[in-house]
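Chain by chain, the residues run as shown.
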Amino acid sequence: MSATPFATQLATHGRYGFSSIRDRPTYRWPNGAGLAVYVAVGVEEYSFGEGMTEDLFPGASKPDLVNTSWRDYGNRVGAFRLFERLAAFGIRPAVLLNTAVYDHAPAVIAAAREIGAELVAHGISNSDTLAGMDPQAEAAYLRAAVERIRREEGAPPAGWSSPWLAHSPATLDLLAAEGFKYVADFRMDDQPVWLTTQTGRLMSMPYALELNDSTTIIGRQASARDFAEMIIDEFDEMLQASRTQPLVMSVVVHSFISGQPFRLRALTKALEHIAAHGDDIWLARPGDIAGWAEKWMNPAR
């Protein structure tokens, strides 16, 4: 009988192996909480007429002042209103920061500092992408983002989130080599996961690919109310599951999307629901979560 023509070993990326959620160390977050929740706010800057863009109105005429004005609303108005609303609920967010914002909208960063936000490196501009970069150019790009935050804030960022969630084959190795503690790009789990790199330890922090206003509201045309209901349903389900093991929930919003007034009103209902359970959860920043979790996680393989 001839051998099967089908492959028995599938190709894999090799960055993490299989691990069942049932077979993990049991521990709790601070104050005995089972669920850690973080909110990430994308604060971005784009190069006019060049590179990648996030568009509300596809096919706009060139020069595209229409979509540019929509994105600019985020740094002129939306970010401030989002920060104020989060602070009202005692939420210190992670700010996924394009470092070009230091030059173009420094008042936004000052407002982020005021509410105790963690600044997560998010590249230089969101017109950029790591996809297709050669390793030397990519290493220099990562270093430039790190050094700008170090210079402005007095310390390097602990976390990285890739513009457009895009990577080259070398990205994770370069992030570890640059000293990043965690990357917030993936959702393979409800707990942090060690990634395999050639250059050191790097944690994958659970990152909302669907509780994300870019992919869900703009990408799939969900309404603001639909998005808020998704957040509430995810929270309730994860809070129940976290009674027996530590879990991480994330919500990702952008200043020019959820900072729009009608969306902010819907998002507020979800934030109210989460904050009402404040005694049962840990409202944290991803860097805080990474620092606590690494003491309990199995060593990277």
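Preceding this paragraph is the structure being described.
This write-up is about the structure you can find in this document. (Residues numbered from 1 in each chain as written. Predicted model: local features only at pLDDT ≥ 70, side-chain atom pairs only at ≥ 80, totals over all residues. Heavy atoms only, no water.)

Describing helix 1 (residues 65–88)
Note on helix geometry: an α-helix contains 3.6 residues per turn, so any two residues three or four positions apart are oriented the same way. Across its 24 residues, helix 1 extends 34 Å between first and last C-alpha, which sits within 8% of the 34 Å expected from 1.5 Å per residue. Along helix 1, the sharpest change in direction is near 50° and occurs at Gly 78. Looking only at helix 1, the buried set comprises Asn 67, Thr 68, Trp 70, Arg 71, Gly 74, Asn 75, Gly 78, Ala 79, Leu 82, Phe 83 and Leu 86. Capping of helix 1 at its N-terminal end is provided by Asp 64; its side-chain oxygen lies 3.2 Å from the backbone amide nitrogen of Val 66. Just downstream of helix 1 lies Gly 90, where phi reads positive at about 75°. (Helix = DSSP H or I, 4+ residues; strand = E, 2+ residues; numbered from the N terminus. Expected span 1.5 Å × (residues − 1). Bend = angle between axes of the 7 residues up to and from the residue. Buried < 20%, exposed > 50% of the residue type's maximum accessible area, 1.4 Å probe, protein only. Polar contact = N/O pair within 3.5 Å; in protein donor to acceptor, adjacent residues only side chain to side chain.)

Topic: helix 9 (residues 286–293)
For helix 9, every residue scored as buried is listed here: Pro 286, Gly 287, Ile 289, Ala 290 and Ala 293. End-on, the buried residues of helix 9 take up no more than an arc of 160°, which puts them together on one face. (Arc of directions from axis to C-beta.)

Notes on the nonpolar core
Within the largest apolar cluster, 90 residues are counted, with the highest numbers of intra-cluster contacts made by Phe 83, Trp 160 and Met 249. Ignoring sequence-local partners within four residues, the contact set of Phe 83 consists of Val 41, Val 43, Val 95, Val 108, Ala 111, Ala 112 and Ile 115. (Core = buried A, V, L, I, M, F, W, Y, C linked by side-chain atoms within 4.5 Å. Contact = heavy atoms within 4.5 Å.)

Re the pairing of strand 1 (residues 35–43)
Most of strand 1 sits inside the fold, with nine of its nine residues counted as buried. Pairing of strand 1 with strand 8 (residues 247–254), which is carried by eight bridges, proceeds in the parallel orientation. Residue pairing across strands places Val 37 opposite Met 249, the latter belonging to strand 8. Sheet topology note: the strand 1/strand 2 (residues 94–97) ladder contains four bridges and is parallel. Residue Val 43 lies in a different strand from strand 2, and its bridge partner there is Leu 97. Note that the unit made of strand 1, helix 1 and strand 2 has a crossover that is right-handed. (Pairing = 2+ DSSP bridges. Right-handed = clockwise from strand over helix to strand, strands pointing away.)

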